[in-house]
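# Descriptive structure summary
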Amino acid sequence: MKTKLTLFVAVLAVALFGMGCASSSLNKGLLVYYPFNGNAKDKSGNGYDAQAKNFPSPTSDRHGNPENAYKFNGIDDYVVVPDEMFTALEAVTISCWVNLDDSTDNWSYIFSGHKEGNDNLLFIGFYGELKRLNICHKQEILAFPMIGYVGKWKHLVVARADLESGFNVYLDGKWKALIKHERNYALEFASGGVLIGPDQDEVGGGFGEHEWLKGSLDDYRIYNRALSAEEVKALYDLEKPEEK
């Protein structure tokens with residue numbers, strides 16, 4: 001059976017013919033790509049393999065393929081991402097497919113980057129019973145609720161072009177919000193300080209009981225640039241499940 005990576009390359013080749021320059025740039029600036037096909041290997045070619053801790057469970061992806069995504073239990077499993085790729089990045093894009101299965105007031109984190117002290121330099125998560133998107137860049141700002149999407153696969157992209165432009169948020173290929181913080185910082189993290197799953201109150205630790213991702217992630221990408229709105233839409237169109 002073909003892997004998701006092979007499928008992605010094949011679909012991308014077709015899309016390059018029919019969709020133009022937006023699709024052709026989707027590998028530009030790609031730092032890491034985790035398809036989570038039963039492991040946390042980086043398939044970008046850059047060698048940034050992650051470490052899965054406490055055994056996130058392989059689960060079916062949005063296409064129904066078994067063991068082609070990671071399911072997090074909301075208790076103690078997580079992924080440690082290599083910090084070396086964050087070389088004082090000013091521009092960044094984080095893209096993933098997320099399926100929240102937690103309707104409690106837990107916090108669920110898809111990115112937690114820690115540098116020092118007890119403050120995350122950047123975290124992206126979902127807060128409270130409404131699962132409002134929370135982007136904290138040494139200042140927490142709540143955006144739209146995700147509660148209506150619990151149990152559904154959604155494509156989420158958070159992108160920043162520079163230190164002045166703020167974070168653009170896209171959901172299923174469509175622009176949803178602009179999050180601007182009072183101060184902005186280049187992204188550079190401590191060793192062991194980049195995690196997927198929990199909040200961290202100290203580098204690589206200080207985990208709170210109700211601050212763990214409960215849900216599934218798939219096709220997780222990090223770029224060293226901001227994808228444009230056209231590129232986000234092209235990526236969504238390439239990866240979205242077929243309509244039934």
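All residue numbers here refer to positions counted from 1 along the written sequence of the relevant chain. Residue-level local features of this predicted model are given only where pLDDT is at least 70; pairs of side-chain atoms are given and counted only at 80 or more, and the full residue set underlies all totals for whole chains, interfaces and linings. Only hydrogens and water are set aside; all other atoms, that is, all heavy atoms of the structure, feed into the side-chain values.

## Considerations on the environment of Ser-216
Helix numbers and strand numbers start at the N terminus; a helix is a DSSP run of H or I with at least 4 residues, a strand a run of E with at least 2. When you line up the elements, Ser-216 lands in strand E15 (residues 214-223). Overall, Ser-216 belongs to the buried group, its relative accessible area being 6%. In the structure, Ser-216 is positioned 19 residues away from Gly-197 in sequence and 9.9 Å away in space, judged by C-alpha atoms. The contact criterion used is simple: two residues touch if any of their non-hydrogen atoms lie within 4.5 Å. Those residues in contact with Ser-216 that sit more than four places away from it in its chain are Thr-59, Tyr-70, Lys-71, Trp-97, Val-98, Asn-99 and Trp-153. Working definition: with a 1.4 Å probe on protein chains only, accessible area under 20% of the residue-type maximum means buried, over 50% means exposed, and in between means partly exposed.

## Remarks on the pairing of strand E12 (residues 167-171)
Of all five residues in E12, four are buried, a share of seventy percent or more. One bridge is not enough; two strands pair if DSSP finds at least two bridges between them. Bridging between strand E11 (residues 154-160) and E12 involves five bridges; their strand directions are antiparallel. In the strand pairing of E12, Ala-159 is matched with Asn-168. Following E11, the chain reverses through six residues before pairing antiparallel with E12; Gly-166 in that reversal takes a positive phi of roughly 80°. In this structure, E12 lies alongside strand E13 (residues 174-179), joined through five bridges in antiparallel fashion. Bridging across to E13, Asn-168 finds its partner in Leu-178. Remark: two residues form the turn of the hairpin made by E12 and E13, two consecutive strands paired antiparallel; Asp-172 in that turn has positive phi of roughly 50°.

## A look at the packing of aromatic side chains
Aromatic ring pairs are reported here in terms of the distance separating the ring centres and the angle at which the planes meet. Any pair of Phe, Tyr and Trp rings, taking the six-membered ring for Trp, is counted once the centres come within 6.5 Å. Such a pair is stacked with planes under 30 degrees apart, edge-to-face with planes over 60 apart, and tilted for the rest. Evaluated as defined, the whole model comprises 16 aromatic pairs. Centre to centre, the rings of Phe-36 and Tyr-220 are 6.4 Å apart; their planes meet at 55°, and the pair counts as tilted. On the criterion of sequence distance, the pair formed by Phe-36 in the loop between strand E1 (30-34) and strand E2 (51-53) and Tyr-220 in strand E15 is long-range, its members being 184 residues apart. Arranged with centres 5.8 Å apart and planes meeting at 15°, the rings of Trp-107 and Tyr-109 form a pair that is stacked. By the burial criterion, Trp-107 is buried, and Tyr-109 matches it. Above the face of the Phe-144 ring, Lys-176 is positioned so that its terminal group lies 5.0 Å from the ring centre. Each ring is checked for a lysine NZ or an arginine CZ that lies within 6 Å of its centre and within 35 degrees of its normal; such an atom marks a charge sitting over the ring. Positioned above the aromatic ring of Tyr-33, the side-chain terminus of Arg-221 is 3.9 Å from the ring centre.

## Section: the environment of Ser-95
Looking at the secondary structure, you find Ser-95 in strand E6 (residues 92-100). On a C-alpha basis, the gap between Ser-95 and Leu-235 in space is 9.4 Å, while along the polypeptide they are 140 residues apart. In contact with Ser-95, not counting residues within four places along its chain, are His-155, Leu-156, Val-157, Asp-219, Tyr-220, Arg-221 and Leu-235. We call two N or O atoms a polar contact when they sit within 3.5 Å, provided that within protein one can donate a hydrogen and the other can accept it, with sequence-adjacent residues counted only if both atoms are side-chain atoms. Polar contacts involving the side chain of Ser-95 include one to the side chain of His-155, which spans 3.0 Å.

## Concerning the pairing of strand E8 (residues 119-127)
Residues in a regular strand point their side chains to alternate faces of the sheet. For E8, the tally of buried residues reaches seven of nine residues, placing the bulk of the element in the interior. Here strand E7 (residues 108-116) runs beside E8; their pairing, made up of seven bridges, is antiparallel. Within E8, the position partnered with Tyr-109 by the bridge is Gly-125. Sheet topology places E8 next to strand E9 (residues 132-136); five bridges connect them, and they run antiparallel.

## What to know about the pattern of salt bridges
Any Lys or Arg side-chain nitrogen located within 4 Å of an Asp or Glu carboxyl oxygen qualifies as a salt bridge. A complete count under the given rule lists nine salt bridges for this structure. Two residues, Asp-101 and Lys-71, come together in a salt bridge whose shortest N-O distance is 3.8 Å. On the criterion of sequence distance, the pair formed by Asp-101 in the loop between E6 and E7 and Lys-71 in strand E4 (residues 69-73) is long-range, its members being 30 residues apart. For Lys-71, a relative accessible area of 37% corresponds to the partly exposed category.

## Looking at the confidence of the model for the protein
Note: pLDDT gives the predictor's confidence per residue, expressed from 0 to 100. With 89% of its residues at a pLDDT of 70 or more, the protein shows a mean pLDDT of 89. Confidence drops under pLDDT 50 across residues 5-20; counting only partners more than four residues distant or on other chains, this segment forms 19 contacts.

## Section: unusual backbone geometry
With phi around 60°, Phe-55 is a residue other than glycine that occupies positive phi space. If you trace the backbone, Phe-55 turns up in the loop between E2 and strand E3 (57-59).

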